[in-house]
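Listed below, chain by chain, are the residues.
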Amino acid sequence: MSIALDLDHASHPARASAPARRSLVGLSKPKLREALAGIGLDEREAKMRASQLWNWVYFHGVTDFERMTNIQKGVRQTLADHFLLDRPEIVSEQVSIDGTRKWLFRFRDPQNPRLPPVEIETVYIPEEDRGTLCVSSQVGCTLTCSFCHTGTQTLVRNLTAGEILGQILMARERLGDFPAGQRPADGGLVPSGETRAITNIVMMGMGEPLYNYDSVKDALLIAQAEDGISLSKRRITLSTSGVVPQIEPAGREIGVMLAISLHAVRDDLRDMLVPINRKYPLKALIQACRDYPGLSNARRITFEYVMLRDINDSDADARELVRLLSGIPAKINLIPFNPWPGTNYDCSSSARIEKFADIVNRAGYASPVRTPRGRDIFAACGQLKSETERLRKKDREALAGV
């Protein structure tokens, strides 16, 4: 049984009344200094205020300039007159029976308030030794992977760096992950202690991160900054379906862990399951993995492999997977298929998954079987936004008398 909470996040209402104000969330420090210089601060003060703002926004989680007590009151008012520290609105918040939490976030464009808002989903997965936040990079998706319900949704637009970071900041707020003075009135869903609620970030939500490279890069570099969110590069994973030209720059410029949505070991099958393979086939993809900057046994690539009954789960597929990845420091995540309404696929049996894993394990690769999380609230892999879209379609049809 899941619990759903409808929240309007009243402390962060839509900012349509002040369309001229610019959001500072998602700006790098140099760009933040430029923005402050643009309202008349000299170079020295802009540099000092940028450091103060950075600390308040990313370490303390503050969204109100008035709470920045080490900044003079007059300066705080000037900042509030020109800038925003906006976060997404929470449309809904669901809690699974297994503890997984899913938020439906709504973003409005403060510079173009007449544009319709957009919505995405973000998922938090608590485990005994970590808490992982699954973050979206696009509204919708263009990849149309046949087993993924999220991929059936039309791409609306890329998310900005601020909107990507906004998911992290809002989740930290709701989970009580900021210092005590900045938590929500209810204390947060997971009270903070000495251990963070969010220890890991995976760019595995809606969209293809490498098709929104610049915004993802800016957001993840800010997430790594030691004087802010301060997450280790090894605790951030970027997942791609295989945008080959951007894989090397991602390793060199962002430096996070890499995950590949593989799912097939033959081009003909991968063309069907992951259509981007027609543009960047397996040979090119695997070579890009071999060339990934910093690749080592301590910095392995994760290959994600969804288990589809009688499609890609044979012993021959397992042996070819081992051959394909030979020599690449890698971990192989076997993902039981998560069903969704209208799909033509079935999940492989437990016995078949176990046999597949045994073959891969004997070849020397770690091949954990990912435990499905949040299925009851459609928060599992490939399900994001699917139930929300289905219910809204049903409501529209009811109103139209269909």
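Data block above holds the structure.
Nothing here was measured: the structure is a model prediction, and the numbers come from that model.

### Focus on the overall build of the protein
When helices and strands are tallied, the protein shows eleven helices and 14 strands. The buried share of the protein, taken over its 402 residues, is 54%. The contacts of the protein with a sequence gap of at least 6 include a subset with a gap of at least 24, amounting to 68%.

### Overview of the environment of Arg172
With respect to the helices, strands and loops of the structure, Arg172 is situated in helix α4 (residues 161–174). Exposure remark for Arg172: the relative accessible area of 5% places this residue in the buried category. Here the alpha-carbon distance between Arg172 and Leu133, two residues 39 residues apart in the chain, equals 9.5 Å. With residues near it in sequence (within four places) discarded, Arg172 still touches Tyr58, Asp177, Phe178, Arg196, Ile198 and Ile229.

### A word on unusual backbone geometry
With a phi angle near 60°, Ser230 is a residue other than glycine that sits in the positive phi range. Looking at the element boundaries, Ser230 is found in the loop between α5 (213–224) and β11 (236–240). One non-glycine residue, His263, adopts positive backbone phi at about 70°. If you trace the backbone, His263 turns up in the loop between β12 (257–261) and α7 (267–273).

### Here's the deal with the pattern of salt bridges
Per the counting criterion, the structure on display carries 20 salt bridges. A salt bridge links Glu163 to Arg157; the nearest nitrogen and oxygen atoms lie 2.9 Å apart. The closest approach of N and O atoms between Arg252 and Glu248, which form a salt bridge, is 2.9 Å. Pair noted here: Arg252 and Glu248 are both in helix α6 (residues 244–254), with a separation of four residues, about one helical turn. A single salt-bridge network, built from bridges that share partners, covers Lys217, Glu248, Arg252 and Glu253.

### Notes on the pairing of β11
When you tally the buried positions in β11, you get five out of five residues, the bulk of the element. A two-sided burial pattern is seen for β11, the buried positions comprising Ile236, Leu238 and Thr240 on one face and Thr237 and Ser239 on the other. In this structure, strand β10 (residues 200–203) lies alongside β11, joined through three bridges in parallel fashion. What sits directly across from Val202, in β11, is Thr237. Tracing the backbone out of β10, into α5 and back to the parallel element β11 gives a crossover that is right-handed. As for the winding sense of the linkage, the β-α-β connection from β11 through α6 to β12 is right-handed.

### Points about the packing of helix α1 (residues 29–37) against helix α2 (residues 43–59)
Between α1 and α2, the shortest axis-to-axis distance is 9 Å and the interhelical angle comes to 120°. One way to sum up the angle between α1 and α2 is to call them oblique. When the axes of α1 and α2 are compared, the crossing they make is right-handed. Across the interface between the two elements, Lys29, Leu32, Arg33, Leu36 and Ala37 of α1 pack against Ala46, Lys47, Arg49, Ala50, Leu53 and Trp54 of α2.

### Brief notes about α2
Spanning 17 residues, α2 covers 24 Å between terminal C-alpha atoms, matching the ideal 24 Å at 1.5 Å per step. Those residues of α2 not exposed but buried are Ala46, Arg49, Ala50, Gln52, Leu53, Trp54, Trp56, Val57 and Tyr58. The N-capping residue of α2, defined by a side-chain oxygen 3.2 Å from the backbone nitrogen of Arg44, is Asp42. At the exit of α2 stands Gly61, carrying a positive phi of roughly 75°.

Conventions used here
- Residues numbered from 1 in each chain as written.
- Predicted model: local features only at pLDDT ≥ 70, side-chain atom pairs only at ≥ 80, totals over all residues.
- Heavy atoms only, no water.
- Helix = DSSP H or I, 4+ residues; strand = E, 2+ residues; numbered from the N terminus.
- Buried < 20%, exposed > 50% of the residue type's maximum accessible area, 1.4 Å probe, protein only.
- Contact = heavy atoms within 4.5 Å.
- Salt bridge = Lys/Arg side-chain N within 4 Å of Asp/Glu carboxyl O.
- Pairing = 2+ DSSP bridges.
- Right-handed = clockwise from strand over helix to strand, strands pointing away.
- Axes fitted to C-alpha atoms, helices over the stretch in contact; angles between N-to-C directions.
- Parallel < 35°, antiparallel > 145°, perpendicular 65-115°, else oblique.
- Left-handed = near helix turned anticlockwise from the far one by under 90°.
- Expected span 1.5 Å × (residues − 1).
- Polar contact = N/O pair within 3.5 Å; in protein donor to acceptor, adjacent residues only side chain to side chain.

Geometric descriptors of this kind do not, in isolation, establish any biological role.
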